[in-house]
Amino acid sequence: MILDKYPAVLQAVPGGKILLTTTDDFINLGRKYSIWPLTFGLACCAIEMMAAYASRFDFDRLGVIPRPSPRQADLMIIAGTFVKKMAAPVREIYHQMPEPRFVIAMGSCANCGGPFHDAYSVVKGVDKVIPVDVYIPGCPPRPEALIYGVMELQKKIMRMKLAKGGGATLQAEKGSRDPAGGA
Amino acid sequence: MTREKVLSDILAQVPGASAAAAPVKDYPTVRLSQPSDLPTAARLLKDELGFDYLEMVTAVDWLGPTKTEGFLPAVTPIPFAAKAPALPVTPAAGPDIAYRPVLDLLWSFGNLKTHLKVFLRLEVSREKPEVPSLTGLFPAADWQERETFDLFGVRFSGHPNLTKILTPDFLQGHPLLKDYVHQPDEFDAD
Ligand code: SF4
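What counts as what
- Residues numbered from 1 in each chain as written.
- Chains lettered and ligands numbered in written order.
- Predicted model: local features only at pLDDT ≥ 70, side-chain atom pairs only at ≥ 80, totals over all residues.
- Heavy atoms only, no water.
- Near = heavy atom within 4 Å.
- Helix = DSSP H or I, 4+ residues; strand = E, 2+ residues; numbered from the N terminus.
- Nonpolar A, V, L, I, M, F, W, Y, C, P; charged D, E, K, R; others polar.
- Buried < 20%, exposed > 50% of the residue type's maximum accessible area, 1.4 Å probe, protein only.
- Pairing = 2+ DSSP bridges.
- Contact = heavy atoms within 4.5 Å.
- Axes fitted to C-alpha atoms, helices over the stretch in contact; angles between N-to-C directions.
- Right-handed = clockwise from strand over helix to strand, strands pointing away.
- Expected span 1.5 Å × (residues − 1).
- Buried area = accessible area lost by both parts, 1.4 Å probe.
- Salt bridge = Lys/Arg side-chain N within 4 Å of Asp/Glu carboxyl O.
- Polar contact = N/O pair within 3.5 Å; in protein donor to acceptor, adjacent residues only side chain to side chain.
- Core = buried A, V, L, I, M, F, W, Y, C linked by side-chain atoms within 4.5 Å.
- Parallel < 35°, antiparallel > 145°, perpendicular 65-115°, else oblique.
- Left-handed = near helix turned anticlockwise from the far one by under 90°.

K.L.:
How would you sum up the site of the ligand? Please name residues and give values.
P.N.:
Residue and element names in this part refer to chain A. The ligand sits among 13 residues. The nearest are C44, C45, G80, C109 and C139. Top element by residues in the shell around the ligand is helix α5 (residues 107-112). It accounts for three residues. Among the residues making up the shell around the ligand, the classes are represented as eight nonpolar, five polar and no charged.

Below is the structure:
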């Protein structure tokens with residue numbers, strides 16, 4: 001029964017067949033189960049991301065379906081080594097995605113440069129270029145970790161409020177987004 | 001055609017060429033004496049010996065270990081060790097291995113019919129590294145030479161478009177040189 005699944009979100013009217021909810025909860029519920037990530041991998045972490053999409057781990061059951069165009073995507077998974085030359089294209093793709101848009105930094109490379117922290121060519125963290133919602137540690141993180149990261153993002157989405165800040169997400173240019181989902 | 005025949009053919013027809021003291025693995029390796037010999041040797045390899053496939057152009061910077069800021073020295077003293085190991089000065093003997101202030105350029109040619117491989121080596125000064133481009137003979141040399149220019153600063157005279165190919169435009173210097181000092185930019189750690 002749907003009421004058992006979402007006790008805090010939905011309430012039944014006594015004696016009736018109507019379910020009551022708030023607009024925020026209703027919209028967030030829809031967003032939460034239709035996170036469409038951009039098909040986009042940069043290095044070895046992308047192999048684990050592909051595994052997460054494939055049948056053994058089956059991302060589809062969370063409503064995570066890869067999209068080939070940034071115009072149709074909600075989520076950008078930075079899976080791999082993020083080099084300085086890639087910074088400008090990634091910023092452009094990020095701005096082509098419609099709001100609300102989310103970013104997951106997957107793997108040590110995307111978090112902080114990882115094994116290439118001393119290299120001349122690698123950006124020391126995606127949050128130097130675009131805002132990041134969820135950081136997943138690991139080199140590479142297993143598909144379970146990526147799924148867990150998406151589940152954390154879902155929790156974050158459930159805390160979003162339509163009324164504040166005009167849109168749903170913080171209008172940050174870069175850095176880490178407020179983990180409490182403040183905006 | 002055997003590798004001995006290839007080697008002797010090149011040595012006989014290119015003046016100043018010698019068999020390299022330290023060959024690349026056990027491939028025939030020829031050390032040229034001056035940059036102007038390179039087109040002669042490449043033309044001989046391509047037109048007469050059938051090496052029509054330029055596999056690789058690269059370089060080695062033989063300058064010894066230099067400590068540049070933010071990077072580890074060649075040998076990091078082991079913490080808590082009774083005595084830190086001394087820095088090696090000349091790690092190995094032989095004219096091709098000792099540290100010295102030169103750029104050692106390397107070309108690899110393949111013969112797809114006989115499955116033979118030949119390496120050419122040429123030392124140039126680190127101050128003004130300049131060699132003739134092979135783009136006229138091998139179109140594949142184009143990007144390889146641009147990469148060697150980008151990472152080592154070697155000028156290939158006669159190259160139609162000798163510009164950066166890998167590093168971003170704002171990166172100053174040639175990162176694979178041993179004395180490269182990185183200028184931190186907006187993407188580096190604070
Ligand atoms: S974090 Fe590790 S696995 Fe992931 S891209 Fe970097 S080096 Fe590859």
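Next, the rest of the story.
K.L.:
Residues and numbers for the environment of P131(A), please.
P.N.:
Residue and element names in this part refer to chain A. Relative to the assigned elements, P131 resides in strand β5 (residues 131-132). On the basis of relative accessible area, P131 is assigned to the buried category, the value being 0%. Sequence separation between P131 and F102 is 29 residues; the distance between their C-alpha atoms is 8.2 Å.

K.L.:
Residue-level account of the sheet that holds strand β1 (residues 18-19) of chain B, with values.
P.N.:
All names here are of chain B. On the basis of which strands lie adjacent, the open sheet formed by five strands has the order β1-β2-β5-β4-β3 and mixed pairing. Across the chains shown, the open sheet's two edge strands, defined by having one partner strand only, are β1 and β3 (53-61). Pairing of strand β2 (residues 29-32) with strand β5 (residues 116-125), which is carried by four bridges, proceeds in the parallel orientation. Across the sheet, L32 pairs through a bridge with L122, a residue of β5. Where helix α2 (residues 37-48) meets the sheet, its contacts fall on β2, β4 (102-111) and β5, and the angle it forms with β5 comes to roughly 175°.

K.L.:
Outline the pairing of strand β4 (residues 102-106) of chain A, supporting the account with residue identities and numerical values.
P.N.:
Residues and elements named next belong to chain A. Burial runs high along β4: five of the five residues are buried. Burial of β4 is two-sided: the residues F102, I104 and M106 facing one way and the residues V103 and A105 facing the other way are all buried. Where strand β3 (residues 75-79) and β4 come together, five bridges link them in parallel fashion. Residue pairing for β4: I78 is matched across the bridge by A105. Handedness of the β3-helix α4 (residues 84-96)-β4 crossover: right-handed. In this structure, β4 lies alongside strand β6 (residues 134-136), joined through three bridges in parallel fashion. What sits directly across from I104, in β6, is V134.

K.L.:
So what's going on with unusual backbone geometry? Which residues, and what values?
P.N.:
Cis geometry marks the peptide bond from E99(A) to P100(A), where omega comes out at -10°. Locating P100(A) in the fold gives a position in the loop between α4 and β4. Omega for the peptide link from C139(A) to P140(A) comes to -10°, which places this bond in the cis form. Mapping P140(A) onto the fold places it in the loop between β6 and α6 (143-158). A positive phi angle, close to 55°, is found at D58(A), a residue other than glycine. The residue D58(A) is located in the loop between α3 (45-53) and β3 in this model. A positive phi angle, close to 45°, is found at K25(B), a residue other than glycine. With respect to the helices, strands and loops of the structure, K25(B) is situated in the loop between β1 and β2.

K.L.:
A description of α6(A) should follow, citing residues and the corresponding values.
P.N.:
With 16 residues, α6(A) extends 23 Å between its outermost C-alpha atoms, agreeing within 8% with the 22 Å of an ideal straight helix rising 1.5 Å per residue. Contacts from the buried residues of α6(A) go to α2 (23-32), α3, β3, β4 and β6 of chain A.

K.L.:
Would you mind going over the interface of chain A and chain B in detail, with residue names and values included?
P.N.:
Opposite the 13 residues of chain A that make contact, chain B presents 19 residues. Where chain A abuts chain B, roughly 1200 Å² becomes buried across the two surfaces, and 60% of that area is made up of carbon and sulfur atoms. Considering only the side of chain A, the residues that lose the most area to chain B are K84(A), K85(A) and Y120(A), jointly responsible for 55% of the buried surface there. Our enumeration of links across chain A and chain B arrives at three salt bridges. Of the charged contacts in the structure, one is a salt bridge between D188(B) and K124(A), with a shortest N-O distance of 2.6 Å. Inspection of the chain A/chain B interface yields seven residue pairs in polar contact (both at pLDDT 80 or more).

K.L.:
So what about the nonpolar core? Which residues, and what values?
P.N.:
Among soluble globular proteins, nonpolar side chains are generally buried collectively. Judged by nonpolar contacts, the single largest core of 35 residues is most densely connected at I10(B), L32(B), W107(B), F109(B), L120(B) and L134(B). Setting aside its immediate chain neighbours within four residues, I10(B) contacts V30(B), L44(B), L45(B), L49(B) and V118(B). Membership of the second largest hydrophobic core comes to 24 residues, among which are Y53(A), A79(A), F102(A) and I147(A).

K.L.:
Which residues make up the sheet that holds β6(A), and what values do they have?
P.N.:
Paired through their backbone hydrogen bonds, the strands of a sheet run either parallel or antiparallel. Residues and elements named next belong to chain A. The three strands lie next to each other as β3-β4-β6, forming an open sheet whose pairing is parallel. Strand pairing shows two members of the sheet lacking a second neighbour, β3 and β6, which therefore form its edges. Across this sheet, the average inter-strand angle for adjacent strands is 15°, counted without regard to direction. Contacts between α6 and the sheet are confined to β3, β4 and β6, with β4 contributing the most and set at about 150° to the helix.

K.L.:
Explain the packing of helix α1 (residues 3-13) of chain B against α2(B) to me, and be specific about the residues and the numbers.
P.N.:
Residues and elements named next belong to chain B. Viewed as axis vectors pointing N to C, α1 and α2 meet at an angle of 135°, and their least axial separation amounts to 10 Å. The orientation of α1 relative to α2 falls into the category oblique. Crossing angle aside, the handedness with which α1 passes α2 is right-handed. On α2, the residues that touch D9, I10 and Q13 of α1 are L44, L45 and E48. Of the residues assigned to the contact of α1 with α2, the class counts are three nonpolar, one polar and two charged.

It is worth stressing that arrangement in space is one thing and function is another; only the former is reported here.
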